[in-house]
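Examination of the molecular architecture
In case you want the letters, here they are:
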Amino acid sequence: MDEQALLGLNPNADSDFRQRALAYFEQLKISPDAWQVCAEALAQRTYSDDHIKFFCFQVLEHQVKYKYSELTTVQQQLIRETLISWLQAQMLNPQPEKTFIRNKAAQVFALLFVTEYLTRWPKFFFDILSVVDLNPRGVDLYLRILMAIDSELVDRDVVHTSEEARRNTLIKDTMREQCIPNLVESWYQILQNYQYTNSEVTCQCLEVVGAYVSWIDLSLIANDRFINMLLGHMSIEVLREEACDCLFEIVNKGMDPVDKMKLVESLCQVLQSAGFFSIDQEEDVDFLARFSKLVNGMGQSLIVSWTKLIKNGDIKNAQEALQAIETKVALMLQLLIHEDDDISSNIIGFCYDYLHILKQLPVLSDQQKANVEAIMLAVMKKLTYDEEYNFENEGEDEAMFVEYRKQLKLLLDRLAQVSPELLLASVRRVFSSTLQNWQTTRFMEVEVAIRLLYMLAEALPVSHGAHFSGDVSKASALQDMMRTLVTSGVSSYQHTSVTLEFFETVVRYEKFFTVEPQHIPCVLMAFLDHRGLRHSSAKVRSRTAYLFSRFVKSLNKQMNPFIEDILNRIQDLLELSPPENGYQSLLSSDDQLFIYETAGVLIVNSEYPAERKQALMRNLLTPLMEKFKILLEKLMLAQDEERQASLADCLNHAVGFASRTSKAFSNKQTVKQCGCSEVYLDCLQTFLPALSCPLQKDILRSGVRTFLHRMIICLEEEVLPFIPSASEHMLKDCEAKDLQEFIPLINQITAKFKIQVSPFLQQMFMPLLHAIFEVLLRPAEENDQSAALEKQMLRRSYFAFLQTVTGSGMSEVIANQGAENVERVLVTVIQGAVEYPDPIAQKTCFIILSKLVELWGGKDGPVGFADFVYKHIVPACFLAPLKQTFDLADAQTVLALSECAVTLKTIHLKRGPECVQYLQQEYLPSLQVAPEIIQEFCQALQQPDAKVFKNYLKVFFQRAKP
């Protein structure tokens, strides 16, 4: 072996050596006999360096995984012998190998096992057991090999081909017949031998039992001698967590409902009498988390049994199962309410399913009602934040609590299904008592009280948020709570979580304010002052900006009296903060977008006359335009790149804000009615010069492009005079991404104005195509993935453009480009349909071809087009689906094939019998298609029902492909 290259395997080696080692590894993988050197090195223990040993196993792994079938019988025998002699050597080693080497060795054993067990090595386990016996080092490896085999055979996370899945099923069946009882016996011996002397091996063995239980005969494990031993392990501190997991896997195994019930009940009796149900005596939270998972498994298993028994009509046993479930509820509640969230989280499944049973029962006993109430109180308590929660800097613990809260929310929703009245009454009680004394109550209790009110909206669903009509008692309870929320002054509570919950709830129940509009002013003030948009926390300001826009939009009918006041109060929040003054504005530019949108909505939906609306809109937009002009001049003169970037950012924000105000309009009509067309045309004239700025092109173009998209909707044909020069600027020295973003704009204009923009399109058609081809033809590095993806996306955009032009009835735009250019365009469409393995683009290309055949394929079509149909379009319909890359199992590809069928049908429609004759006598014979198949194909093509031909075409190509 190349000793120099091996030095690079050391993690501390410098990068040159590491590169060399990587290259050497690749070289050995390809080499037909390098694995033999590695096998010899392992068998003879040539190297003591751990990284080299690991490396040798990696080379062997590659050989077994990818090249095993190429080896001779003798070579395969050599690999088996190498592994066995390596295993024998481990028994004598003074020091065990490092864990990562043992795991890698186990993986290689497992790979060899799945390859050889059914054919050449049926005695795999007996050979290994005869080597390891009960030697602790051997047992460790034996158990690792078993875990590696389990993950090869049954690991759900590994994606297997159908061939591998069949093989794995066969292996498991054969193992069940031939060796599983012996393996189980070996596990029993290992557990008995090492339970008091070697906790590591014992835990490994318990893990193996837990893994295999899911697919072996349960009676081998669920019997007195095994279960008693496992229960014994529950009392040994170092073993009990693994024993718990092992019992969980046993309980989880699918089996007859009555047998499962007996198994669970016998386990519970032993656990209870051993004192495991006394949760408060136990201080080890890690163990309790596992124990909670076990109880959850037992509870859910009983529920599955109950469901099956009810379904089978076995009422007597179902009653027993329900009784068994009920006796676990007290323990479930203790675990649910436990202060450790992991312990609580692990039992939620049982809790959720138990409530589902109660929902199905015709009437609840007093005990069951008490259980529901206890679960409800537990959920309310557990929803509460603890002291340690860091609101300013949320990390992993905080994220876990947020996830846990989502689980509790599901429980609350389920409680609402079981007993909506009880839930409403409980929440009302907690809410009212907390808000009465909010000034002296801890933040987490105030937050959870408001949170519960917020959660009721989803727990007690209604259509379109109509919580305050319909069911009188529910409506009045919610109305009371909302009234308390907005009049209690709790919006002034000095904690961000309470403030945010207040605003979230106010917006969720916005319909309350249509019932009691007198509360709108005080809520608006909360939004606008130090409680909301001017809060000391950026997080609160940001969220409030979004919620404020939602509040105003949903209540726009009620906003009229407050419009001028709101606009005055948000004036400073609309400031475009230029980069140079170092002034830190209260809101980020993303948050300001919501404020601009809100201002637009207030003006547009107001009851003011058009002149007043126009004046207010001018006041809103003029400062942006003025700032824009100044900043653009500064950008032209800026030398420093960083300064250029920050100025361009600021210019982009200005355009974005103006765009956002226009979201209040739905179409040109509303803009005209408000008298606002002129101010937006002024904006256009102000912003367009940015397109000719040579600096920071990407960001400026992107902003102006978005603005143009909006204006096409708001101003319609009034935008058209600006389009030609804007397009010209946007096509100058552009990249793939620029073009990709520019084409949708042209598509929007084409589809909307059609014939009106024909002269413009004819003029810019070839310049746009030249820009596209120029970018597509640029050379790129062979393995530059992102460049390849950009080109693919640009190609798609190009075809989408042609599709829009042809689909909008504008084929004359292409026809008027001169014969040479027309042919060039058509050839690119044929290439798109056939040569690039991109089904999305191929589908578009066939749509274009169908459209062109429909428009030009008749007797009076352009000169030479009929020839083009037979020379290029017909062959494309066959060559594309015949490519290896055209995968008929892929949904997108099937859609492409469907359009290909439409193309052929359209050709037949336009050219009639001539097309059939061409296929029959010239084209299909040239592909060596059998005469009877040609006959069949032509008959299918002539069927009036297009669907028949589509289905036929798929079968035709499935048969044609090897």
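Residues numbered from 1 in each chain as written. Predicted model: local features only at pLDDT ≥ 70, side-chain atom pairs only at ≥ 80, totals over all residues. Heavy atoms only, no water.

What follows concerns the packing of helix H16 (residues 315–336) against helix H18 (residues 348–360). Here H16 crosses H18 at 135°, and the two axes come no closer than 10 Å. Classified by the angle their axes make, H16 and H18 are oblique. With respect to the hand of their crossing, H16 and H18 are arranged in left-handed fashion. Together, Leu322, Ile325, Glu326, Lys328, Val329, Met332 and Leu336 of H16 and Ile348, Phe350, Cys351, Tyr354, Ile357 and Leu358 of H18 make up the contact between the two elements. The residue inventory of the contact of H16 with H18, partitioned by class, reads 11 nonpolar, no polar and two charged. (Axes fitted to C-alpha atoms, helices over the stretch in contact; angles between N-to-C directions. Helix = DSSP H or I, 4+ residues; strand = E, 2+ residues; numbered from the N terminus. Parallel < 35°, antiparallel > 145°, perpendicular 65-115°, else oblique. Left-handed = near helix turned anticlockwise from the far one by under 90°. Contact = heavy atoms within 4.5 Å. Nonpolar A, V, L, I, M, F, W, Y, C, P; charged D, E, K, R; others polar.)

UniProt feature "domain: Importin N-terminal" (unreviewed entry): in the numbering of this structure it lies at residues 21–89. For the annotated span residues 21–89, helix accounts for 78% and strand for 0% of the residues, and the straight-line distance between the end C-alpha atoms is 27 Å. (UniProt positions renumbered as here; feature names shortened; annotations may be inferred.)

For the rest of this paragraph, the subject is the packing of aromatic side chains. Scanning all chains against the criterion turns up 52 aromatic pairs. Pairing Phe513 with Phe551 gives two aromatic rings, centres 5.3 Å apart and planes at 85°, and the pair type is edge-to-face. Linking Phe513 in helix H25 (residues 512–515) with Phe551 in helix H27 (residues 538–554), this pair joins segments that are 38 residues apart in sequence. Residue Phe513 shares its accessibility class with Phe551, and that shared class is buried. Plain terms: the ring middles of Tyr546 and Phe594 are 5.4 Å apart, the flat faces sit at 70° to each other, and that makes the pair edge-to-face. Taken together, the residues Tyr546 in helix H27 and Phe594 in helix H29 (residues 589–604) connect sequence positions 48 residues apart. By way of ring pairs, the aromatic residues Phe468, Phe502, Phe503, Tyr509, Phe512, Phe513, Phe527, Phe548 and Phe551 are connected into one cluster. When the ring centre of Tyr188 is taken as origin, the NZ or CZ atom of Arg225, which lies over that ring, is 3.9 Å away. Seen from the ring of Tyr385, Arg405 lies directly overhead, with NZ or CZ sitting 4.3 Å from the centre. (Phe/Tyr/Trp six-rings, centres within 6.5 Å; stacked < 30°, edge-to-face > 60°. Buried < 20%, exposed > 50% of the residue type's maximum accessible area, 1.4 Å probe, protein only. Lys NZ or Arg CZ within 6 Å of the ring centre and 35° of its normal.)

What follows concerns the domain arrangement of the protein. Taken domain by domain, the protein comprises domain 1 (257–385 + 397–418) and domain 2 (421–530). The gap between the C-alpha centroids of domain 1 and domain 2 is 31 Å. Listed per partner, the contact involves 13 residues of domain 1 and 18 residues of domain 2. Between domain 1 and domain 2, a total of about 1400 Å² is buried, with carbon and sulfur atoms accounting for 76% of that surface. The interface formed by domain 1 and domain 2 holds two salt bridges in total. Glu447 serves as the salt-bridge partner of Arg405, at 2.7 Å between the closest nitrogen and oxygen. At the boundary of domain 1 and domain 2, one finds two residue pairs in polar contact (both at pLDDT 80 or more). Within the residue set of the side of domain 1 that touches domain 2, elements represented by two or more residues are helix H19 (366–382) and helix H20 (396–418). (Domains from an automatic or database assignment. Buried area = accessible area lost by both parts, 1.4 Å probe. Salt bridge = Lys/Arg side-chain N within 4 Å of Asp/Glu carboxyl O. Polar contact = N/O pair within 3.5 Å; in protein donor to acceptor, adjacent residues only side chain to side chain.)

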